[in-house]
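Read off the chains here:
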Amino acid sequence: MFKARFLAFGLAASLAAASPTLAQAPAPARVRGTINAIDAGELQVTTRSGNKVTLKLPADAVVTVIEPIAIDAIKPGSFIGTAARAEPDGTLRALEVQVFPESMRGVGEGHRPWDLGPGSTMTNGTVGTLEKLTDGRTLTLDYKGGEKTVIVPAEAPIITYEPGSRATLTPGAHVIVTAARNPDETLTAVRIGIGKDGLVPPM
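Please read all numbers here as calculations on a predicted model, not as lab measurements.

Asks: Which residues make up the overall build of the chain, and what values go with them?
Replies: Within the chain one finds two helices and 13 strands. The long-range fraction of contacts in the chain, counting pairs at least 24 apart against all pairs at least 6 apart in sequence, stands at 61%. Split by element, the accessible area of the chain, about 10,400 Å² in all, is 57% carbon and sulfur.

Written out as structure tokens, the structure is:
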């Protein structure tokens, strides 16, 4: 079920890219913060900047648990994602790395702008070459249509995912919510990543 729901989400994204009508839909919003309250139909989040946001919470919203993992989990052939900033030589310096479980391989594949800070990007792809350094890793990240060289410093948070449920959505937990923008300017939660044991999602 976990794999099927992510494949369905990926298919919807592909259709949006292929259809001129769907492609004009508003870009998804990302809400980062702490759960304030939750009920059957709504999720209330206090953002990191202190704003209070109420999102509609449909029954099919995907919930994943975000937990730390050792840097050695990054291996050739791993499917990973990284929020990063470009170095002057064109390489990317990772701000964080997500090591996806095999059930999520292919999710969000590609390179695109991100909103973790000025000039930040998100790249999801398969690790090609990898060099272990005393202070991190240097690797190539291959995706459809391109390749990036990524420097992963030792201090970069490394996380992975496991399936979650509504039961894991508790007040006080840190979340990153991907939400759809509705015509009436409200937000509907599509995907919710919740930090395990107080973890703040680094992406």
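Moving on, there is more to tell.
Asks: Let's hear about the pairing of strand 11 (residues 158-163): which residues, and what values?
Replies: The pairing of strand 4 (residues 62-68) with strand 11 spans five bridges and is classified as antiparallel. Opposite threonine 64, over in strand 11, you have proline 163 as the bridge partner.

Asks: Talk me through the packing of aromatic side chains; I want residue IDs and the actual numbers.
Replies: Enumeration according to the criterion identifies two aromatic pairs in this entry. Ring geometry for phenylalanine 79 versus phenylalanine 100: centroids 5.5 Å apart, planes at 40°, classification tilted. One end of the pair, phenylalanine 79, is in strand 5 (residues 79-86); the other, phenylalanine 100, is in the loop between strand 6 (92-99) and strand 7 (110-113), and 21 residues separate them in sequence. On the basis of relative accessibility, which here comes to 3%, the residue phenylalanine 79 falls in the buried class. Judged by centre distance (5.6 Å) and plane angle (5°), the rings of phenylalanine 100 and tyrosine 161 are stacked.

Asks: Give me the lowdown on unusual backbone geometry, citing residues and values where you can.
Replies: In this model, glutamate 185 sits at a positive phi of 75°, which is unusual for a non-glycine residue. Its location among the elements puts glutamate 185 in the loop between strand 12 (174-181) and strand 13 (187-195). Look at glutamate 185 and you get exposed, because its relative accessible area is 75%. Unlike most non-glycine residues, aspartate 197 shows phi in positive territory, near 55°. Note on placement: aspartate 197 falls in the segment after strand 13.

Asks: Account for the pattern of salt bridges, naming residues and giving values.
Replies: Under the defined criterion, the tally for this structure stands at eight salt bridges. Between aspartate 184 and lysine 56 there is a salt bridge whose closest N-O contact spans 4.0 Å. Pair noted here: aspartate 184 is in the loop between strand 12 and strand 13 and lysine 56 is in strand 3 (residues 52-56), with a separation of 128 residues, a long-range link. Across the pair glutamate 155 and arginine 93 runs a salt bridge whose closest N-O atoms are separated by 3.9 Å.

Asks: Outline the side chain of glutamate 67, supporting the account with residue identities and numerical values.
Replies: Mapped onto the elements, glutamate 67 comes out in strand 4. Contact partners of glutamate 67, with chain neighbours within four places excluded, come to Ile158, Ile159, Thr160, Glu162, Lys196 and Leu199.

Asks: So what about the pairing of strand 12? Which residues, and what values?
Replies: Both strand 1 (residues 29-38) and strand 12 contribute to a ladder of six bridges, which runs antiparallel. Each residue of the ladder has a partner; that of arginine 32, found in strand 12, is isoleucine 176. As paired strands, strand 12 and strand 13 are joined by seven bridges and run antiparallel to one another. Looking at the pairing, arginine 181 lines up with leucine 187 of strand 13. Linking two consecutive strands that pair antiparallel, namely strand 12 and strand 13, is a turn of five residues; a positive phi of about 75° is found at glutamate 185 within it.

Asks: Residues and numbers for the confidence of the model for the chain, please.
Replies: Low pLDDT marks stretches whose predicted atomic positions should not be read closely. Averaged over every residue, the pLDDT of the chain is 89; residues scoring 70 or more account for 87%. With pLDDT under 50 throughout, residues 1-23 is counted as low confidence; its partners more than four residues away or in other chains account for 21 contacts.

Asks: Break down the environment of glutamate 102 for me, with residues and values.
Replies: Looking at the element boundaries, glutamate 102 is found in the loop between strand 6 and strand 7. Separated by 24 residues in sequence, glutamate 102 and serine 78 place their C-alpha atoms 8.4 Å apart. A polar contact of 2.6 Å, which involves the side chain of glutamate 102, links it to the side chain of arginine 105.

Rules used in this analysis
- Residues numbered from 1 in each chain as written.
- Predicted model: local features only at pLDDT ≥ 70, side-chain atom pairs only at ≥ 80, totals over all residues.
- Heavy atoms only, no water.
- Helix = DSSP H or I, 4+ residues; strand = E, 2+ residues; numbered from the N terminus.
- Contact = heavy atoms within 4.5 Å.
- Areas by Shrake-Rupley, 256 points an atom, 1.4 Å probe, with all protein chains shown as cover.
- Pairing = 2+ DSSP bridges.
- Phe/Tyr/Trp six-rings, centres within 6.5 Å; stacked < 30°, edge-to-face > 60°.
- Buried < 20%, exposed > 50% of the residue type's maximum accessible area, 1.4 Å probe, protein only.
- Salt bridge = Lys/Arg side-chain N within 4 Å of Asp/Glu carboxyl O.
- pLDDT = per-residue confidence, 0-100.
- Polar contact = N/O pair within 3.5 Å; in protein donor to acceptor, adjacent residues only side chain to side chain.

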